[in-house]
Amino acid sequence: MEANLRLLAAYAAVARAASFTAAAAELHVSQSSLSRAVAELERLLGAQLLARDTRNVQLTAAGAETLRVAEQIVTAHRSGMKELERYLLGESGVVAVATLPSLAAVLLPQVISEFRQRRPLVSLRIMDGLEQVVLGRVLSGDADFAISTVGATSEQLDHRPLIKDRFHAVLPEHHPLADRERVTWEELAREPFLAVGPESSVRRLTDSAFAQAGTTATLAAEAGSVATVGGLVTAGLGVSAMPALVLPLMGAAGPLVYRPLAEPAVDRRLDVVVRARRTLPLATSAFLDLLDSFRREQRTLPTGVTWNHRAD
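Values in this document were obtained by computation on a predicted structure and should not be read as measured data.

Asks: Looking at this model, I keep getting lost on the pairing of strand E12 (residues 267-275). Mind explaining?
Replies: Each regular strand displays side chains that alternate between the two surfaces of the sheet. Of all nine residues that make up E12, seven are buried, and the element is covered over most of its length. With four bridges connecting them, strand E5 (residues 145-149) and E12 associate as antiparallel partners. By the bridge assignment, Ala-146 is partnered in E12 with Val-273. Inspection of the sheet shows strand E6 (residues 157-172) paired to E12 by nine bridges, in the antiparallel sense. Across the sheet, Ile-163 pairs through a bridge with Leu-270, a residue of E12.

Asks: Explain the pairing of E5 to me, please; I cannot follow it from the model alone.
Replies: With five of five residues buried, E5 lies mostly within the body of the structure. Here strand E3 (residues 93-99) pairs with E5 via three bridges, running parallel. Counterpart to Ala-98 in the pairing with E5 is Ala-146.

Asks: So what exactly am I meant to see when it comes to the nonpolar core here?
Replies: Buried together is how nonpolar side chains tend to be arranged in soluble globular proteins. Judged by nonpolar contacts, the single largest core of 40 residues is most densely connected at Leu-103, Phe-145, Ile-147, Leu-162, Ile-163, Val-272 and Phe-287. Element by element, the count of residues in this core is highest for helix H10 (residues 282-296), at seven residues. Among residues more than four places away in sequence, those in contact with Ile-147 are Ala-98, Thr-99, Leu-100, Leu-103, Leu-108, Val-134, Leu-162, Asp-271, Val-272 and Leu-291. Counting 32 residues, the second largest nonpolar core, distinct from the first, contains Phe-193, Phe-210, Val-229 and Val-257.

Asks: Any chance you could explain the layout of surface pockets here in plain terms?
Replies: Sizing a probe to match a water molecule and rolling it over the atoms shows the empty space that remains. Counted as a void, the largest pocket has a volume near 260 Å³. What lines the largest pocket is a set of 18 residues, among which Pro-101, Leu-130, Ser-200, Val-202 and Val-226 lie closest to the centre. Contributing elements (two or more residues each) for the lining of the largest pocket: helix H5 (101-118) and helix H8 (201-212). Across the lining of the largest pocket, the residue classes tally to eight nonpolar, seven polar and three charged.

Asks: Explain the pattern of salt bridges to me, please; I cannot follow it from the model alone.
Replies: Per the counting criterion, the structure on display carries 21 salt bridges. Across the pair Arg-269 and Asp-271 runs a salt bridge, and its minimum N-O distance is 2.5 Å. Connected through salt bridges with shared partners, the residues Glu-114, Arg-118, Glu-297 and Arg-299 form a single ionic network.

Asks: What is the right way to look at the packing of helix H1 (residues 5-17) against helix H3 (residues 31-45) in this model?
Replies: Packed helices, taken two at a time, are described by the angle their axes make and the gap between the axes. Contact pair H1 / H3: the axes reach a minimum separation of 9 Å and the direction vectors enclose 110°. The angle between H1 and H3 places the two elements in the roughly perpendicular class. Between H1 and H3 the crossing geometry is left-handed. Of the residues in H3, those in contact with Arg-6, Leu-7, Leu-8, Ala-10, Tyr-11 and Val-14 of H1 are Leu-34, Ala-37, Val-38, Glu-40, Leu-41 and Leu-44. A breakdown of the residues in the contact of H1 with H3 according to their chemical character gives 10 nonpolar, no polar and two charged.

Asks: Explanation requested: unusual backbone geometry in the structure shown.
Replies: For residues other than glycine, phi is negative in most cases, and the peptide bonds are mostly trans. Between Glu-263 and the following residue, Pro-264, the backbone shows a cis peptide bond with an omega angle of 5°. Along the chain, the position of Pro-264 falls in the loop between strand E11 (256-262) and E12. In this structure, His-28 takes a positive phi of about 60° despite not being glycine.

Conventions used here
Residues numbered from 1 in each chain as written. Predicted model: local features only at pLDDT ≥ 70, side-chain atom pairs only at ≥ 80, totals over all residues. Heavy atoms only, no water. Buried < 20%, exposed > 50% of the residue type's maximum accessible area, 1.4 Å probe, protein only. Helix = DSSP H or I, 4+ residues; strand = E, 2+ residues; numbered from the N terminus. Pairing = 2+ DSSP bridges. Core = buried A, V, L, I, M, F, W, Y, C linked by side-chain atoms within 4.5 Å. Contact = heavy atoms within 4.5 Å. 1 Å grid on protein atoms, 1.4 Å probe; cavity = no way out; pocket = protein on both sides within 12 Å on 5 of 7 lines; lining within 4 Å. Points joined across faces, edges and corners; volume = space filled by probe spheres on them. Nonpolar A, V, L, I, M, F, W, Y, C, P; charged D, E, K, R; others polar. Salt bridge = Lys/Arg side-chain N within 4 Å of Asp/Glu carboxyl O. Axes fitted to C-alpha atoms, helices over the stretch in contact; angles between N-to-C directions. Parallel < 35°, antiparallel > 145°, perpendicular 65-115°, else oblique. Left-handed = near helix turned anticlockwise from the far one by under 90°.

Now the structure itself:
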């Protein structure tokens, strides 16, 4: 039984209308073509579907069951094609983004909110993690794009500048350095230093900043998450250094003081990263266009964060 969609749709129109004339007018085809379609379907199924006379068309038992199945198939086909059309127009689907936790929590929500207002049928899948995990998701195809720091470059990845955020000293309340307008890396190195683990891009950048300042930090402890580091600082166990987007994730355990770091002033560069030569789904392209419009329009960012208009 290889009845195709055209035959089923033709038969369903005739059966619903109980008239070849009315069905032909509905489908904008000739009665003779409809008669041939129904006859062909009956031949394929090996059953009489319609009982005809000069004035009436009645469904046989096989015809009624065939109508039920045909309407299910035709309706599912129309629904599926409509869904496909929405996807191809970028009006539905899933945008998969891999990103650092600080961006997922602080930067992306306002972009996602506006995007969902424009395209409510598109959902977002956010995969947050460390730099190498995030970039690996783009290379594997699990994520359409990433927003991440710029570490080792790869010919397989294209980078588009997005934002920069400045490193700040993270201090307990009433710490002597908390009275300063800014803190130098050298001053910070004299204090017990609380760091994130070596697999973090933040750790790589803080180690580099201390080296640029001609000093090294006195490591008191390291932890896997910035929230844990924030708790250790709040407890008075030492100081830390974090980029501006990370700061809102640190203060859950208690009050902290943040001061810009200088000598040198260090910015963390964050790019949109896509796999080279990949054609993105239209919904994903629309999301990236919106993100870029935020950058062009200089939308408000947290203190210490700036839009980046060029690759450094």
